[in-house]
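Now for the letters of each chain:
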Amino acid sequence: MNQRFPVFFSEKRPFFMEGMGLFNLAGTGGDGNMRTAVHTRRIVDPIFGTKLTGTIGKTAFGVLNAVDDSPVAPFSVEGEPIDVANKVTTVARVSHGLQRSDYVGGIFTHTAHDGRQNLVAGGDISLRPSDAHQFSATFLASRTTDRADADRSGSAAQVTYSYETRRWVSITQAEHYDADFVMDTAFYNRTGFTGVWQFTDLSFYPKSRWLQRLHPWYFAKIGTDRIQD
């Protein structure tokens, strides 16, 4: 009750769980706005689905396609139920490994349902110059067409930098979401804002029998609402 954001439910169906790590984008999850770019729980009642994953050298790829059974729409003026076309979801992902665990990737998603289409394309990069430093960035652009409403286009981006040692943990993330950004396959809290948050944790290890660790920390966040009334 009184949730400001939607509730996330983890995927439990084996078909969708297998190999889904490939479809994760750099910087998503954690305390960011977007939990995942491919939330297969949005495919509610699939009647058909295919998934292809593989690797060619340092390049990994995956394609997911599913046809979701649509419920019967409300009754028309004549009192007869309206047939609604099934929802079709397509996700394509490619990732190319660089040095160590570094990679650069791209993603394309498309959903179509009852005259409405949502297309999203973007890329991401994850770099780890050393054991302590890590950097990631993601950019996504969307276009949504609907026979009832005007077309909408928007973009979303995030940049994350983290530094982690036994003594220090510091994470900084900047995010931007246009008000008209839509990604039907993803799970995210909201759109129409720009924000930056920062977390730092400093650990001390006293030589005490009763006290093993002290770690003062702070968290700060600042943002701007981009939705104009």
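What you see is a predicted model, and the numbers here were worked out from it, not measured in a lab.

Definitions and cut-offs
Residues numbered from 1 in each chain as written. Predicted model: local features only at pLDDT ≥ 70, side-chain atom pairs only at ≥ 80, totals over all residues. Heavy atoms only, no water. Helix = DSSP H or I, 4+ residues; strand = E, 2+ residues; numbered from the N terminus. Buried < 20%, exposed > 50% of the residue type's maximum accessible area, 1.4 Å probe, protein only. Contact = heavy atoms within 4.5 Å. Areas by Shrake-Rupley, 256 points an atom, 1.4 Å probe, with all protein chains shown as cover. Lys, Arg positive; Asp, Glu negative; His and termini not counted. Charge placed at Lys NZ, Arg CZ, Asp CG, Glu CD. Phe/Tyr/Trp six-rings, centres within 6.5 Å; stacked < 30°, edge-to-face > 60°. Pairing = 2+ DSSP bridges. Core = buried A, V, L, I, M, F, W, Y, C linked by side-chain atoms within 4.5 Å. Polar contact = N/O pair within 3.5 Å; in protein donor to acceptor, adjacent residues only side chain to side chain. Salt bridge = Lys/Arg side-chain N within 4 Å of Asp/Glu carboxyl O.

Colleague: How do you make sense of the overall build of the protein when you look at a structure like this?
Modeller: When helices and strands are counted, the protein shows one helix and twelve strands. N-terminal to C-terminal, the α/β element order of the protein is α-β-β-β-β-β-β-β-β-β-β-β-β. A principal-axis box enclosing the C-alpha atoms of the protein has dimensions of 80 × 50 × 35 Å. Residues classed as buried in the protein amount to 35% of the 229 residues present. Nonlocal contacts in the protein, meaning residues at least 24 apart in sequence, comprise 52% of its contacts between residues at least 6 apart. When the accessible surface of the protein is totalled, it reaches about 14,000 Å², and 57% of it is carbon and sulfur. On the protein, the mean spot of the 24 positive side-chain charges and the mean spot of the 24 negative ones are 14 Å from each other.

Colleague: For this particular structure, what's the right way to read the packing of aromatic side chains?
Modeller: One pair of aromatic rings is described through two measures. These are the centre distance and the angle between the planes. Scanning the entire structure with this criterion turns up eight aromatic pairs. Residues Phe8 and Phe187 carry aromatic rings whose centres are separated by 5.0 Å and whose planes lie at 80° to one another, so their mutual orientation is edge-to-face. Within this pair, whereas Phe8 is found in the segment before helix H1 (14-17), its partner Phe187 is found in strand S10 (residues 187-188), the two being separated by 179 residues in sequence. By relative accessible area, Phe8 is classed as partly exposed at 24%. With a relative accessible area of 7%, Phe187 lands in the buried category. Ring centres of Phe181 and Tyr188 lie 6.0 Å apart, and the angle between their planes is 50°; on these two criteria the pair is classed as tilted.

Colleague: Would you take a moment to explain the pairing of strand S2 (residues 46-56) for this structure?
Modeller: The side chains of a regular strand alternate between the sheet's two faces. Judged from the ten bridges that link them, S2 and strand S3 (residues 59-68) form a sheet pairing that is antiparallel. From the neighbouring strand, Thr53 faces S3, where its bridge partner is Gly62. Two successive antiparallel strands, S2 and S3, enclose a turn made up of two residues, where Gly57 displays a positive phi of approximately 65°.

Colleague: Looking at this structure, how should I read the nonpolar core?
Modeller: Generally speaking, a soluble globular protein has its nonpolar side chains buried in company with each other. With 24 residues, the main nonpolar core has Met34, Leu140, Phe181 and Met183 as its most contacted residues. Among the elements that take part in this core, S3 stands out by supplying three residues, more than any other. Contact partners of Met183, with chain neighbours within four places excluded, come to Met34, Ala37, Thr109, Asn118, Val120, Leu140 and Tyr188.

Colleague: How do you make sense of the side chain of Ser203 when you look at a structure like this?
Modeller: By secondary structure assignment, the location of Ser203 is in the loop between strand S11 (193-202) and strand S12 (217-225). Separated by 2.9 Å, the side chains of Ser203 and Arg213 make a polar contact. Dropping the residues within four chain positions of it, Ser203 is found in contact with Arg166, Arg167, Arg213, Leu214 and His215.

Colleague: Before we go on, may I ask you to explain the pairing of S11 in this structure?
Modeller: The element S11 is largely enclosed, with a buried count of seven among its ten residues. Bridge count for strand S9 (residues 168-177) against S11 is ten bridges, and the pairing is antiparallel. Bridging across to S11, Trp168 finds its partner in Leu202.

Colleague: In this structure, what is going on with the pattern of salt bridges? I would like to understand it.
Modeller: Proximity of charged atoms lets side chains of opposite charge pair with each other. One pass over the full model with this rule turns up seven salt bridges. Between Asp124 and Arg93 there is a salt bridge; the shortest N-O distance is 2.8 Å. Within this pair, whereas Asp124 is found in strand S6 (residues 116-127), its partner Arg93 is found in strand S4 (residues 87-97), the two being separated by 31 residues in sequence. The pair Asp124 / Arg93 is uniform in exposure class, with both members buried. For Asp151, the salt bridge goes to Arg143, with nearest N and O atoms at 3.0 Å.

Colleague: Whenever I open this one, the environment of Ser95 confuses me. Can you help?
Modeller: Here Ser95 is to be found in strand S4. Judged by its relative accessible area of 12%, Ser95 falls in the buried class. With 33 residues separating them along the chain, Ser95 and Gly62 place their C-alpha atoms 9.0 Å apart. Not counting chain neighbours up to four residues away, the residues in contact with Ser95 comprise Leu22, Lys58, Thr59, Ala60, Tyr103, Val104 and Gly105.

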